[in-house]
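One letter stands for each residue in the lines below.
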Amino acid sequence: MYDQQASQPDYKEIDWAKIDLDNLHPADVADKLEELSLEEQKKFILAQPVEFSAQCIAEMEQSQQIELISVLPPELAADILEEMSPDDATDILAALPLDVRQSILSKIEKEDAVKIKDLLKFDPDTAGGVMNTEILVLDRNLTVDQAIQLIRSNAGEIEIPYYAYIVDEHRHLQGVLSLRDLFLGPASKTLQELLAEQEQHLIFVTYDQDKEEVAKLLSRYDLLAIPVVDHDMRLLGIVTADDVIDIIQEEASEDMQTMVGAGPDETLHTPWTYSVQKRLPWLVVNVFNSVISASVVHKFEGTIAQMAVLAVLMPIVANQAGNTGQQALAVMIRQLALEPFDSKKFWRAVGREAKIALVNGLIIALLVFCGVYFWTHNLKLSLVMGIALVLDMVLGAVAGASIPLILRSLGRDPAQASTIFLTTLTDSGGFFTFLGLASLFLLK
């Protein structure tokens, strides 16, 4: 146990006005903490009760959690992690350097350390990696009255006592009871009998299911928590609604960042060298992709030389196609994130995006045709511009909707650098279509 009184720091250097603890939720305190330097954060935590420190650190960004826990005395870090729920403590420990993790684990009480070590064995992207083991487990042979007495005596140790999980003597999951049903049940009736009277479909996940699938199930069935079992139906833990909110936010931010070639786990606090390492390969890929577009323009160098106005108009075609593709790309990635993959359904969606782009393209082409004709009084040029816009906008929509599906079929993240590939197709396709049509119909 860490003795905070024996290690009081000098607080004069801290701007305490930045953190007013009166009427602040730990999440608000965490926001204030993140504005301080690492040394100031450490001094603040050293001055607080361990339980309050744990609540605040649990609400901080993970990158800052890791930095802060790493500089705290191992004994204090261990005490703080013991106060957190096992899944939160495990997430922090899993991200720490191995030597720091082992040093802290050796200071954690044996019972808590065993729970954390068990959770560390699971893949962090699976149900097992995000589940909480502090759950309400009741033997099926208990009566309702006995179960209620047991709940009252253990309620303080349970994270979210919304459901009671009924098991047999070997911890095999038998069913789930809402606390409402349990408290309204006849006092002498066993939990097994109470389960038998209910018409319910037992919804559960195995420990190795992807956490995104878990989030979809919780959302689909409007559950506050879902049990996690092994392949023999033994109850391991639960994934709760607050975990799902974190999962959804994390996956959404990962998709946005990977779409443009940034690291999925980058934040403003990520070391700049790590960001360079993640981004540079895709920027190099983008250089080669840009060469493709440049080579298309070079191929029509003579056409542009004869009619300079083409150089002014061709970015419009590429930009419209790029924007159309981005719209289709965003819709497709969102659907892939929200519902189970159905190959026929999603490929039909590509056709849907093509239809939308065709209609939008015809309308935009008509507007641009009028604008170009008003400006140049060249009917053929206006027609070429309009036709090129329609063709390239359809190409952009088909490419934007198809790229995530192709990446998925290759076993890659559907969002990974998808905008880089899309831009290459829309730019090179747009330049080739516009300049090719101009060569055919405008020049002799």
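Right above here is the structure, for reference.
Rules used throughout
- Residues numbered from 1 in each chain as written.
- Predicted model: local features only at pLDDT ≥ 70, side-chain atom pairs only at ≥ 80, totals over all residues.
- Heavy atoms only, no water.
- Buried < 20%, exposed > 50% of the residue type's maximum accessible area, 1.4 Å probe, protein only.
- Helix = DSSP H or I, 4+ residues; strand = E, 2+ residues; numbered from the N terminus.
- Pairing = 2+ DSSP bridges.
- Contact = heavy atoms within 4.5 Å.
- Axes fitted to C-alpha atoms, helices over the stretch in contact; angles between N-to-C directions.
- Salt bridge = Lys/Arg side-chain N within 4 Å of Asp/Glu carboxyl O.

### Some points on the pairing of strand S6 (residues 235–240)
Burial of S6 is extensive: five of the six residues sit out of reach of the surface. Direction of pairing for strand S5 (residues 225–229) relative to S6: antiparallel, over a ladder of five bridges. Bridge pairing links valine 229 to leucine 235 in S6. Taking the residues that link successive antiparallel strands as the turn, the S5-S6 hairpin has five residues, and the phi of methionine 233 there is positive, at about 70 degrees.

### Some words on unusual backbone geometry
Of note, the phi angle at aspartate 222 is positive, near 55 degrees, even though the residue is not glycine. In this structure, aspartate 222 sits in the loop between helix H13 (211–220) and S5. The phi dihedral of histidine 377 is positive, around 55 degrees, even though this residue is not glycine. Among the secondary structure elements, histidine 377 is positioned in the loop between helix H18 (343–376) and helix H19 (379–409). Histidine 377 sits in the exposed class, given a relative accessible area of 60%.

### Describing the sheet that holds S6
Strands sit in the order S4-S5-S6 across an open sheet of three strands; the sheet is mixed. Since the sheet does not close on itself, it has two edges, and those belong to strand S4 (205–206) and S6, each with one partner. Pairing of S4 with S5, which is carried by two bridges, proceeds in the parallel orientation. Directly across from valine 205, in S5, lies its bridge partner valine 228. Helix-sheet contacts for H13 involve S4, S5 and S6, and the interaxial angle to S5 is about 135 degrees.

### Some thoughts on the pattern of salt bridges
On inspection of all chains with the given rule, the structure shows nine salt bridges. Ionic pairing is found between aspartate 181 and arginine 180, a salt bridge with its closest N-O pair at 3.8 Å. Judged by its relative accessible area of 27%, aspartate 181 is partly exposed. Between lysine 189 and glutamate 197 there is a salt bridge, with the nearest N and O atoms lying 2.3 Å from each other.

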